[in-house]
Amino acid sequence: MLTAKQNMIECIKAGGSPDRFVNQYEAIRLLPHPFMMTSSQPQKGQLNVVNAWGVTNSFPENTPGSFPVHTPDKIVVKDIENWRDYVKAPSLTFPQELWDQCKAIYDAVDGTKAFKATFVAPGLFEQTHHLCEMVNALYYYIDYEDEMHDLIKYLTEWELKLAEGICEHLHPDMIFHHDDWGSHDSTFLSPTMFEDYFLDSYKEIYGYYKNHGVDYIVHHSDSYAATLVPDMIDMGIDVYQGCMKTNNIPELIKKYGDKISFMGVIENAFVDHEGWTDEECEKVVRETIDECGIHSFIPCIAQGGPGSVYPGVYLSLSSAINKVNQERFGFTPEQQEAMRMPHEIMF
């Protein structure tokens, strides 16, 4: 029986031979870095917490994560033509003690059972609308091309500096990178516009990681992004995580499964709600597995990390996948549990 990490590798590599369905995040341990530990982020229930970029975030109850607050007084970029007056990149110089603290967390992970995956968020597109506000940012992409190209270049240089520190001090074998590129049914930018603004920057960022010891890139975008999959492949992304059912994942696997894998399809809206049941979770798991298969696909809640809005949903989905693995491949839940790191909700 393969470990969870070995099984995921077999699932996502061309011509691989997984011995069971990969079970959500069982093979990925999301891990921090010093900037993440020092930039203020709200905990569930907290409101109006200002991070190191000056962006105000709130994390209301019964939501999957924190979101920027964009009342006029809290928008960072007041004037896109003079964005440099407002956007000040946070320092990435940290004491060695903080790097050592993070490294100890990485060293505690059994690397035979799980990837040591550095968690990076937000990404370039998200950061632009965090700083500018969503409607403003979309408008700026159309009418202020030079300013937005310059802003993205500035953010890219900062991300490359972040990547340098991560690779030098922490040596992860996976990067788990957030950047939501669409809504439930469409991308925010057309593929042509997306390529113009982001393709080269992400090729540079993800290329840096892969040239400095990182084996796999998992990119989270819980959205529709099917039209951007060729760009994802060009960027060096190995797994598109968060893919909504609207992407038609069976068709994408058929077309691109030898170059990229997909992780998600179980949308929070399907199962993660008040009054959820184990029966409902199992039904969605079985339907998803039957539609998408075992190769180049990982059944998983679509949100960008292990867990759920309503307590118990994530573990119910995992139990259902265990059950299917026992029925189809003969591995008991106890055997499966022994081959993975203990369940952990986020970090």
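Keep in mind that this is a model prediction, so the values were computed, not measured. (Residues numbered from 1 in each chain as written. Predicted model: local features only at pLDDT ≥ 70, side-chain atom pairs only at ≥ 80, totals over all residues. Heavy atoms only, no water.)

Quick look at helix α1 (residues 4–12) now. Judged by how many residues are buried, α1 sits mostly within the fold: seven of nine residues are covered. Listing the buried residues of α1 in full gives Ala 4, Lys 5, Asn 7, Met 8, Glu 10, Cys 11 and Ile 12. (Buried < 20%, exposed > 50% of the residue type's maximum accessible area, 1.4 Å probe, protein only. Helix = DSSP H or I, 4+ residues; strand = E, 2+ residues; numbered from the N terminus.)

Further remarks concern the sheet that holds strand β7 (residues 216–220). With parallel pairing, seven strands are arranged side by side in an open sheet as β1-β5-β6-β7-β8-β9-β10. Every interior strand has two partners, whereas the edge strands, β1 (28–31) and β10 (297–301), have only one. Each strand axis lies, on average, 25 degrees off the axis of its neighbour in the sheet, ignoring direction. Bridging between strand β8 (residues 239–243) and strand β9 (residues 261–266) involves four bridges; their strand directions are parallel. Bridging across to β9, Val 239 finds its partner in Ser 261. (Pairing = 2+ DSSP bridges. Axes fitted to C-alpha atoms, helices over the stretch in contact; angles between N-to-C directions.)

Attention shifts here to the pattern of salt bridges. Evaluated as defined, the whole model comprises 17 salt bridges. The shortest N-O distance in the salt bridge between Asp 107 and Lys 103 comes to 2.7 Å. Taken together, the residues span about one helical turn, with Asp 107 and Lys 103 both in helix α3 (residues 96–107) at a distance of four residues. By relative accessible area, which is 48% here, Asp 107 ends up partly exposed. (Salt bridge = Lys/Arg side-chain N within 4 Å of Asp/Glu carboxyl O.)

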